[in-house]
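So you can see what is in the structure, the chains are spelled out below.
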Amino acid sequence: MSCEARLGALVAEHLDLGREPQWDGGLADSGVSSLDAVAFKKVVEQEFGVTVPPECFDTLRKLAAYIDSQAA
């Protein structure tokens, strides 16, 4: 499963968006509260075994690129 597919599954499981996530928009743009975003960041870090710096958590696409770069 690709990194984006795994992230998409985590979004579906942990964030109640009711639609596909916006990969190029911020989580706040999708209606995610700051508390939910912090909780989601912890889930992502645990799932992928990485520590995500705040600047890489701007968009889901940027997050996926960062995780891919750490796996290489």
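Notes on the structure in this doc start here. Predicted, not measured: the structure shown is a model, and the values here were computed from it.

What follows concerns the side chain of E45. With respect to the helices and strands, the residue E45 is situated in helix α2 (residues 34-48). When its relative accessible area of 18% is taken as the criterion, E45 is described as buried. There is a polar contact of 2.7 Å between the side chain of E45 and the side chain of K41.

Interhelical geometry of helix α1 (residues 3-14) versus helix α3 (residues 60-71) gives an angle of 130 degrees and a closest axis separation of 9 Å. As far as their axial angle goes, α3 and α1 are oblique. Where α1 crosses over α3, the handedness of that crossing is right-handed. Across the interface between the two elements, C3, E4, L7 and V11 of α1 pack against L60, R61, L63, A64, I67 and D68 of α3. Looking at side-chain class alone, the contact of α1 with α3 contains seven nonpolar, no polar and three charged residues.

What follows concerns the nonpolar core. Among the nonpolar cores identified, the biggest contains 22 residues, and L7, L27, F40, V44, F48, L63 and I67 are the most heavily contacted of them. Contributing elements (two or more residues each) for this core: α1, α2 and α3. With near-sequence residues (within four places) excluded, F48 lies in contact with C3, R6, L7, L10 and I67.

About the cut-offs
Residues numbered from 1 in each chain as written. Predicted model: local features only at pLDDT ≥ 70, side-chain atom pairs only at ≥ 80, totals over all residues. Heavy atoms only, no water. Helix = DSSP H or I, 4+ residues; strand = E, 2+ residues; numbered from the N terminus. Buried < 20%, exposed > 50% of the residue type's maximum accessible area, 1.4 Å probe, protein only. Polar contact = N/O pair within 3.5 Å; in protein donor to acceptor, adjacent residues only side chain to side chain. Axes fitted to C-alpha atoms, helices over the stretch in contact; angles between N-to-C directions. Parallel < 35°, antiparallel > 145°, perpendicular 65-115°, else oblique. Left-handed = near helix turned anticlockwise from the far one by under 90°. Contact = heavy atoms within 4.5 Å. Nonpolar A, V, L, I, M, F, W, Y, C, P; charged D, E, K, R; others polar. Core = buried A, V, L, I, M, F, W, Y, C linked by side-chain atoms within 4.5 Å.

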